[in-house]
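Reading the structure
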Amino acid sequence: MTKMISKVWRAALAAIVVSALVAGCNPAPTGGAGAGDASASSATLVRFAVIGDAEPKPEPAFPGVEAAVRDINALAERGQMDFVIGVGDLAHKGTVIQYDNVTPILQALTRPFFPIMGNEEHNESVARYLDYAARWNAEVTSHRYVHDRGPFVMVHASPDFSRDFNDEGVDWILAQMRAAAPKPVFLVVHGAQTGVYPENPDKGVANPRFAEVIAQPNLSAVISGDLHMDMDRTGHSKRIGRVHYLHMPALERTKIPDESRHTPMFRVFTVSEGGQVRVDTYQTGNPEPLERLAYSFSLENP
């Protein structure tokens, strides 16, 4: 199992990422009326919401998650909403009280919820996580799984330890992506590979073999959380090479660039005919998306 990465490899990866950012990073903010209303486009194929980290402290209270669930349910009443994804770190330190307190909130979702583990859940055990995940969605019976969504395939990959993967985990992801080809893949992980987000470049997947995952020709997007970044003060959405990276903001605590302010937000992906993808960001309590944080890309990367 690869847990330690040499300084040489880290330096090489950093150089690759910086080079790609200069040459290929594409924030691609977009406009368009009616982006927050599913009925605005009859060409919508799939729409799903994504919630980021929670793991509140010191109190095991989840007002941000509760507000997001309420808003996602309201969006589902307004139009198409097929499912909801969680990118991990719901329960701080994987404690029973945090799992117990967040469970009735997640059970209130009116659409299926598909979570993965984060490093916080790994503070306890995979068994405890799966016990609670089954209460949120009986379909979730493993810490990693795949869903074919029609125009694309979603690969949900919980980390093997902390926020990283061992070689067996990398092999599993590669096998799922190759089996999905030529369909585009959305890879759901707790943290992207180190170097993607310069706000904390040393935090993330450090296994050098993860580069094989990123190199797969049908990888379209990496959806991740972990960093608790402020959406208005960080580079949360970007293209590096052929792959789009979408950060999910934390619902209970913001850490980067500092902890001076916290605004609970979640994101909604709309996949339309022709492979166009729009990612909208909602502040809880606001029924319309924040246009300044919109991002668009195509499943057919050049």
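Residues numbered from 1 in each chain as written. Predicted model: local features only at pLDDT ≥ 70, side-chain atom pairs only at ≥ 80, totals over all residues. Heavy atoms only, no water.

With that settled, the discussion passes to the sheet that holds strand β6 (residues 185-188). Ordered by their spatial adjacency, six strands build an open sheet running β4-β5-β6-β7-β9-β8, and the pairing between neighbours is mixed. At either end of the open sheet lies a strand with only one pairing partner, and these are β4 (144-148) and β8 (237-240). Between one strand axis and the next, the sheet turns by 20° as a mean value, whatever way the strands run. Direction of pairing for β4 relative to strand β5 (residues 153-157): antiparallel, over a ladder of five bridges. In the strand pairing of β5, aspartate 148 is matched with valine 153. (Pairing = 2+ DSSP bridges. Helix = DSSP H or I, 4+ residues; strand = E, 2+ residues; numbered from the N terminus. Axes fitted to C-alpha atoms, helices over the stretch in contact; angles between N-to-C directions.)

Here helix α3 (residues 96-107) crosses helix α4 (residues 126-136) at 20°, and the two axes come no closer than 9 Å. Taken together, the axes of α3 and α4 lie roughly parallel to each other. Judged by the twist between their axes, the crossing of α3 over α4 is right-handed. Judged by residue contacts, Val96, Tyr99, Asp100, Val102, Thr103, Leu106 and Gln107 of α3 engage Arg128, Tyr129, Tyr132, Arg135 and Trp136 from α4. Here the residues of the contact of α3 with α4 are counted per class, giving seven nonpolar, two polar and three charged. (Parallel < 35°, antiparallel > 145°, perpendicular 65-115°, else oblique. Left-handed = near helix turned anticlockwise from the far one by under 90°. Contact = heavy atoms within 4.5 Å. Nonpolar A, V, L, I, M, F, W, Y, C, P; charged D, E, K, R; others polar.)

Moving on to the nonpolar core. In globular proteins that are soluble, nonpolar side chains generally tend to be buried together. Phe48, Ile51, Trp136, Phe186, Ile223 and Phe269 are the most contacted members of the largest nonpolar core, which totals 54 residues. Ranked by residue count, the leading element in this core is helix α2 (residues 63-78), at six residues. In this structure, isoleucine 51 is in contact with Ala68, Ile72, Val84, Ile85, Gly86, Val87, Leu90, Leu106, Phe113, Leu251 and Phe266, ignoring residues within four places of it in sequence. If you look at the next biggest cluster of nonpolar residues, it comprises 28 residues, including Trp172, Met177, Leu187 and Val189. (Core = buried A, V, L, I, M, F, W, Y, C linked by side-chain atoms within 4.5 Å. Buried < 20%, exposed > 50% of the residue type's maximum accessible area, 1.4 Å probe, protein only.)

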